[in-house]
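What the coordinates show
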Amino acid sequence: MRRRIIAGNWKMNKTRDEAVDLVGDLKESLADVGDVGDVEVVVCPPFTALDAVREALRGSNIEIGAQNMHWEDEGAFTGEISPLMLKNLGCVYVILGHSERRTYFGETDESVNRKVKSAMSNGLLPIVCVGETLEEREAGKTEAVVVRQTKAALAGVKTNGAERIVMAYEPVWAIGTGRTASADEANRVIRIIRQAVAEVFNERIAQEVRIQYGGSVKPQNIADFLGQPEIDGALVGGASLDAASFAAIVKPR
Ligand code: PEP
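In short, a report on the structure. (Residues numbered from 1 in each chain as written. Predicted model: local features only at pLDDT ≥ 70, side-chain atom pairs only at ≥ 80, totals over all residues. Heavy atoms only, no water.)

Side note on the overall build of the chain
- When its secondary structure is counted, the chain shows 12 helices and eight strands.
- Taken over C-alpha atoms, the radius of gyration comes to 17 Å for the chain, in line with the 18 Å a tight globule of 253 residues would show.
- Going through the 253 residues of the chain one by one, you find that 52% of them count as buried.
- On the chain, roughly 11300 Å² of surface is accessible, and the fraction owed to carbon and sulfur atoms is 49%.
- Treating the 30 positive side-chain charges of the chain as one cloud and the 36 negative ones as another, the clouds have centres 2 Å apart. (Helix = DSSP H or I, 4+ residues; strand = E, 2+ residues; numbered from the N terminus. Rg over C-alpha atoms; globule rule 2.2 N^0.38 Å. Buried < 20%, exposed > 50% of the residue type's maximum accessible area, 1.4 Å probe, protein only. Areas by Shrake-Rupley, 256 points an atom, 1.4 Å probe, with all protein chains shown as cover. Lys, Arg positive; Asp, Glu negative; His and termini not counted. Charge placed at Lys NZ, Arg CZ, Asp CG, Glu CD.)

In C-alpha cells form, the structure reads like this:
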C-alpha cells in the first residue's frame, strides 16, 4: 500500500517572514493529520526560507523539500545550491525537473538525470517532474514524452532504495492555468509512467514508487484525483500558498 504524499511547491513566493507565518497557520490546521498517518505532507519553500520553515515546523509531521539543486557537492558554481547544503538544512525532498526549470532555465533530461543521481547518493529524495506541453499533447506525443523523460531521469540510478523516489506527472499546460487533466486521463498517463519505472528498475519498485498528479490541483478537485488507483498524491503550486486551501487538499475527507 503506497502512502499518499501531498507536496506544496511555493515557487518564487514568500519572504522568510511570510513563509514562517504560512507554516504557522498550516501547522495548526494540520495538527491532526500526523495521527491519521495516511498522508505525508511536504512543503517546498524557496531556499531563503528553508531554515526558518524547518524551525517553525518543529514538532509537526510536515517535512521540507527544496525546489531545485545543483548536482555537485561543492565548487565554483556561483549562485547554485548543493545537495549537501540542502541535507544540512534538514531537507528530505527536492523537486527536480520541474517544467519551469526545463522551460526557463535550460534544464534537460541529462541535467535532470545528474541531479536525480546526486540527490539519491546524498540521501535526498527526488520528486521528479515529467509532463507534456500542449503542443506535444495535441500532436499525440504525451506517452512518448513522459516515457522518455522518466527513463532519462532515472537512468543509472541504483536500484537499492529506488522505491523511495517520487514521480510527479505534471502536464505543462495544466500548471498554473486552472486547467487540469481529467482524473481518468491523469490515471492513464501515470500508469504509463509506472510502467516506464518498471522498465528502468523492476516491477516491485514500480509498484512502490509514489506518483503524484500536479497541475491546478485545488480543494475542489483533489478528491477526483485521489480516487484514482494510480494517483498517490499531488504536487500543488498556487493552492499551497494559502494555509486553508493547502490544508483542505491534505486533509482526508
Ligand atoms: C506546480 O508548480 O508544480 C504546479 C502544479 O502548480 P499549480 O498547482 O499552480 O498548477
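Now, onward.
Quick word on the side chain of Ser99
- Note on placement: Ser99 falls in helix α5 (residues 99-104).
- In this structure Ser99 comes out as buried when scored by relative accessible area, which is 10%.
- Those residues in contact with Ser99 that lie beyond four places of it in its chain are Val172 and Ile175. (Contact = heavy atoms within 4.5 Å.)

Considering the site of the ligand
- Taken together, 14 residues lie around the ligand, and Lys11, Glu170, Gly176, Ser216 and Gly237 are the ones closest in.
- The separation between an oxygen atom of the ligand and a polar side-chain atom of Asn9 is 3.3 Å.
- Taking Gly237, its main chain carries an N or O atom lying 2.8 Å from an oxygen atom of the ligand.
- Counted by class, the shell around the ligand contains four nonpolar, eight polar and two charged residues. (Near = heavy atom within 4 Å. Polar contact = N/O pair within 3.5 Å; in protein donor to acceptor, adjacent residues only side chain to side chain. Nonpolar A, V, L, I, M, F, W, Y, C, P; charged D, E, K, R; others polar.)

Concerning the packing of helix α6 (residues 109-121) against helix α8 (residues 142-154)
- It is at 7 Å that the axes of α6 and α8 come closest, and there the two elements cross at 45°. Between α6 and α8, the crossing angle belongs to the class labelled oblique. Crossing geometry of α6 relative to α8 is assigned as right-handed. Side by side, α6 and α8 meet where Asp109, Val112, Asn113 and Val116 of the first sit next to Arg148, Gln149, Ala152, Ala153 and Leu154 of the second.
- Of the residues assigned to the contact of α6 with α8, the class counts are five nonpolar, two polar and two charged. (Axes fitted to C-alpha atoms, helices over the stretch in contact; angles between N-to-C directions. Parallel < 35°, antiparallel > 145°, perpendicular 65-115°, else oblique. Left-handed = near helix turned anticlockwise from the far one by under 90°.)

Looking at the nonpolar core
- In this structure, Ile6, Val43, Val53, Met167, Ile193, Val197 and Tyr213 are the most contacted members of the largest nonpolar core, which totals 66 residues.
- Here this core gets eight residues from one element, more than from any other, and that element is helix α9 (residues 183-200).
- Ranked by size, the runner-up nonpolar core spans 12 residues in total, among them Val42, Tyr93, Ile95 and Leu235. (Core = buried A, V, L, I, M, F, W, Y, C linked by side-chain atoms within 4.5 Å.)

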